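# Architecture and fold: a report
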Amino acid sequence: NAGVTQTPKFRVLKTGQSMTLLCAQDMNHEYMYWYRQDPGMGLRLIHYSVGEGTTAKGEVPDGYNVSRLKKQNFLLGLESAAPSQTSVYFCASSFTTSTEAFFGQGTRLTVV
Amino acid sequence: AQTVTQSQPEMSVQEAETVTLSCTYDTSESDYYLFWYKQPPSRQMILVIRQEAYKQQNATENRFSVNFQKAAKSFSLKISDSQLGDAAMYFCAYKGPSYGGATNKLIFGTGTLLAVQP
């Protein structure tokens, strides 16, 4: 069982470059989330989705965009990467609001 | 807005002893869900335990139990008979009610790094 899969696992970007992180889940979950994890700051919610075709802003949405065109995929885009976006990014999904969230393995992104 | 606070950045416990990790949260909702997640050095996020706010009984999972104090908005995790494999970062998390919308966010505290001494 694949669960939640994030692509890529590691990436180095130059300032100003763009990229898309892909999150795919095969559990038919309605809810999907993107977080960033920084030392001493826990996991901060960037954007989330409560269903196909819907997205909403989290705590730290600036500099990121997302799309949920298909239920199983949730894409996180960085249009113009900045060093402040160096972080570990996690995708998560859950079936309902009351059930546990399943996490991907994380993407370590470095912006130089 | 909902917030989750973990006031202990680091904790240490002797193997076989008991340790309690603290978590407080703020919400105006009466129906919500609370979680503890474990993140070992592998970076994988693992669910430890879940508590529904409408349940008065504290959740337990083997050596892990919680002390849920709804009025005080407190949700602490107790680990009994600590093992070396329990060493990890522990995150407390809050999720809003089922009828949600904007309150369907899953939000986390800043984490507590637990060291287990042999």
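Because the structure is a prediction, the values reported are computed rather than measured.

### Some remarks on the overall build of chain A
When you go through chain A residue by residue, the secondary structure sums to zero helices and eleven strands. Helices and strands in chain A line up, N terminus first, as β-β-β-β-β-β-β-β-β-β-β. Since a compact globule built from 112 residues should have a radius of gyration of about 13 Å, the 13 Å found for chain A is in line with a globular shape. Judged by the C-alpha coordinates and their principal axes, chain A covers about 35 × 25 × 25 Å. For chain A, the proportion of its 112 residues judged to be buried stands at 48%. Relative to all contacts within chain A whose residues are 6 or more apart in sequence, the contacts with residues 24 or more apart total 54%. Of the accessible surface of chain A, which amounts to about 5100 Å², a share of 54% is contributed by carbon and sulfur atoms. When the 10 positive and 8 negative side-chain charges of chain A are each reduced to one mean point, those points stand 8 Å apart.

### As for the state of the cysteines
Taken as a whole and assessed by the stated rule, the structure comprises two disulfides over all chains. Here Cys23 of chain A is linked by a disulfide to Cys91 of chain A, with a sulfur-sulfur distance of 1.9 Å. Every disulfide takes its handedness from the sign of the S-S torsion; for Cys23 of chain A and Cys91 of chain A that torsion is -75°, giving left-handed. Within this pair, whereas Cys23 of chain A is found in strand β3 (residues 19–25), its partner Cys91 of chain A is found in strand β9 (residues 87–94), the two being separated by 68 residues in sequence. Note that Cys23 of chain B is cross-linked by a disulfide to Cys92 of chain B, the S-S spacing being 2.0 Å.

### Topic: the nonpolar core
Within the largest apolar cluster, 26 residues are counted, with the highest numbers of intra-cluster contacts made by Tyr25, Trp36, Phe75, Leu77 and Tyr90 of chain B. Put simply, the parts of the chain that give this core at least two residues each are β3 (19–21), β5 (33–39), β6 (46–52), β8 (64–69), β9 (74–79), β10 (88–95) and β12 (112–117) of chain B. For this core, the element with the highest residue contribution is β10 of chain B, accounting for four residues. By size, the runner-up hydrophobic cluster in this structure holds 19 residues, among which are Leu43 and Ala92 of chain A together with Ala93 and Phe108 of chain B.

### Considering the confidence of the model for chain A
Chain-level pLDDT for chain A is 94 on average; 97% of the residues reach the 70-or-more range. Per-element confidence in chain A ranges from a low mean pLDDT of 92 for strand β6 (residues 56–57) of chain A to a high of 98 for strand β8 (residues 73–78) of chain A.

### Here we look at the packing of aromatic side chains
For the structure shown, the criterion picks out 16 aromatic pairs over all chains. For the pair Tyr35 of chain A and Phe108 of chain B, a centre-to-centre distance of 5.3 Å together with 90° between the ring planes defines the contact as edge-to-face. Pair noted here: Tyr35 of chain A is in strand β4 (residues 31–38) and Phe108 of chain B is in strand β11 (residues 106–108), and the two residues belong to different chains. Aromatic side chains Tyr25 of chain B and Tyr32 of chain B sit 5.3 Å apart centroid to centroid with 65° between the ring planes, which places their arrangement in the edge-to-face category. According to the relative accessible area criterion, Tyr25 of chain B is buried, its value standing at 5%. Given the relative accessible area of 2%, Tyr32 of chain B is considered buried. Grouping aromatic residues by their ring pairs yields a cluster made of Tyr33, Tyr35, Tyr48, Phe90 and Phe103 of chain A together with Phe35, Tyr37, Phe91 and Phe108 of chain B.

### Re the pattern of salt bridges
Scanning all chains against the criterion turns up seven salt bridges over all chains. Put simply, Lys73 of chain B and Asp26 of chain B hold a salt bridge, and the shortest N to O gap is 3.5 Å. Taken together, the residues span a long stretch of sequence, with Lys73 of chain B in the loop between β8 and β9 and Asp26 of chain B in strand β4 (residues 24–26) at a distance of 47 residues. With a closest N to O distance of 3.7 Å, Glu52 of chain B and Arg50 of chain B form a salt bridge. Several salt bridges converge on common partners, so that one network encompasses Arg36, Asp38 and Arg44 of chain A.

### Some details on the side chain of Asp86 of chain B
All names here are of chain B. By secondary structure assignment, the location of Asp86 is in the loop between β9 and β10. A residue is classified by how much of its surface remains accessible, and Asp86, at 3% relative accessible area, is buried. Aside from chain neighbours lying at most four places away, what touches Asp86 is Lys38, Arg63, Phe64, Ile79, Asp81, Leu114 and Val116.

About the criteria used
- The written sequence of each chain sets the order in which its residues are numbered from 1.
- All chains are assigned letters beginning at A, and all ligands numbers beginning at 1, according to the order in which they are written.
- Totals for whole chains, interfaces and linings use all residues, but because this is a predicted model, local features are given only for residues with pLDDT of at least 70 and pairs of side-chain atoms are given and counted only at 80 or more.
- Note: side-chain values were computed over all heavy atoms of the structure, leaving out hydrogens and water.
- Helix numbers and strand numbers start at the N terminus; a helix is a DSSP run of H or I with at least 4 residues, a strand a run of E with at least 2.
- Put simply, the radius of gyration uses C-alpha atoms, and a globule should come to 2.2 Å times the residue count raised to 0.38.
- Under the scheme applied here, a residue whose accessible area is under 20% of the maximum for its type counts as buried, over 50% as exposed, and between as partly exposed, the area being computed with a 1.4 Å probe on protein chains only.
- The contact criterion used throughout is that any non-hydrogen atoms of two residues lie within 4.5 Å.
- To be clear on the numbers: accessible area is Shrake-Rupley with a 1.4 Å probe, and residue cover counts the displayed protein chains and nothing else.
- None of His or the chain ends enter the tally, which takes Lys and Arg as positive and Asp and Glu as negative.
- Where a charge sits is defined by one atom per residue type, namely NZ (Lys), CZ (Arg), CG (Asp) or CD (Glu).
- The criterion for a disulfide is a pair of cysteine sulfur atoms lying within 2.5 Å.
- Residue types Ala, Val, Leu, Ile, Met, Phe, Trp, Tyr and Cys, when buried and joined through side-chain atoms within 4.5 Å, form a set referred to as a nonpolar core.
- pLDDT is a residue-level measure of predictor confidence that goes from 0 to 100.
- In summary, the pairing rule links any two rings of Phe, Tyr or Trp, Trp by its six-membered ring, whose centres are within 6.5 Å, and it sorts them by plane angle into stacked for under 30 degrees, edge-to-face for over 60 and tilted for everything else.
- When a carboxyl oxygen of Asp or Glu is within 4 Å of a side-chain nitrogen of Lys or Arg, the pair counts as a salt bridge.

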